[in-house]
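Descriptive analysis of the structure
Chain by chain, the residues:
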Amino acid sequence: MPQSNVVVATVDDDRRVRESVQSVLESAGYEAVTFESAETFLFSGALSRVSCVIADVRLPGMDGTELQRRIRRERRQLPVILITAHDDDGVRQQALRDGAVAFLVKPFDGGDLLEHVARATIA
């Protein structure tokens, strides 16, 4: 069971995805916070307190890959997991080269997501 002080942020414009991921994370003992856009996440102040970020690749405004680059500039070691409904091998390869710890295609298995989050947040 993860420590209760492990905060995982989910950034996705689809409310159902945010709620689903939040439910999976909370059922495993994580504190989960959700945001509908990259900008909302960045302006919230949560970047300084989260242990992992799960972000959709396709977001209105700043997309998930740009969010990943911003995170890398501000908190280089913060793990980012990218999720997408549109599997694109080029985007996947670039995201992994840019430091994403995982690239999951929707719909993904909650257990798989939890495995990636657990590995990413081990202190």
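Scroll up a little and you will see the structure.
Below or above, wherever it landed, is the structure these notes cover. All figures in this text were calculated on a predicted structure; none of them were measured in a lab. (Residues numbered from 1 in each chain as written. Predicted model: local features only at pLDDT ≥ 70, side-chain atom pairs only at ≥ 80, totals over all residues. Heavy atoms only, no water.)

**A word on the pattern of salt bridges**
Going through the model one piece at a time under the given rule, you end up with 10 salt bridges. When the shortest N-O distance is used, the salt bridge between Glu31 and Arg49 registers 3.4 Å. Here the residue Glu31 occupies a position in strand S2 (residues 31-35), and Arg49 occupies one in the loop between helix H2 (38-44) and strand S3 (52-56), the gap between them amounting to 18 residues. You can call Glu31 partly exposed: its relative accessible area is 33%. For Glu66, the salt bridge identified is with Arg73, shortest N-O distance 3.8 Å. Judged by its relative accessible area of 59%, Arg73 is exposed. A cluster of three or more residues bridged by salt bridges with shared partners is formed by Glu66, Arg69, Arg73 and Asp98. (Salt bridge = Lys/Arg side-chain N within 4 Å of Asp/Glu carboxyl O. Helix = DSSP H or I, 4+ residues; strand = E, 2+ residues; numbered from the N terminus. Buried < 20%, exposed > 50% of the residue type's maximum accessible area, 1.4 Å probe, protein only.)

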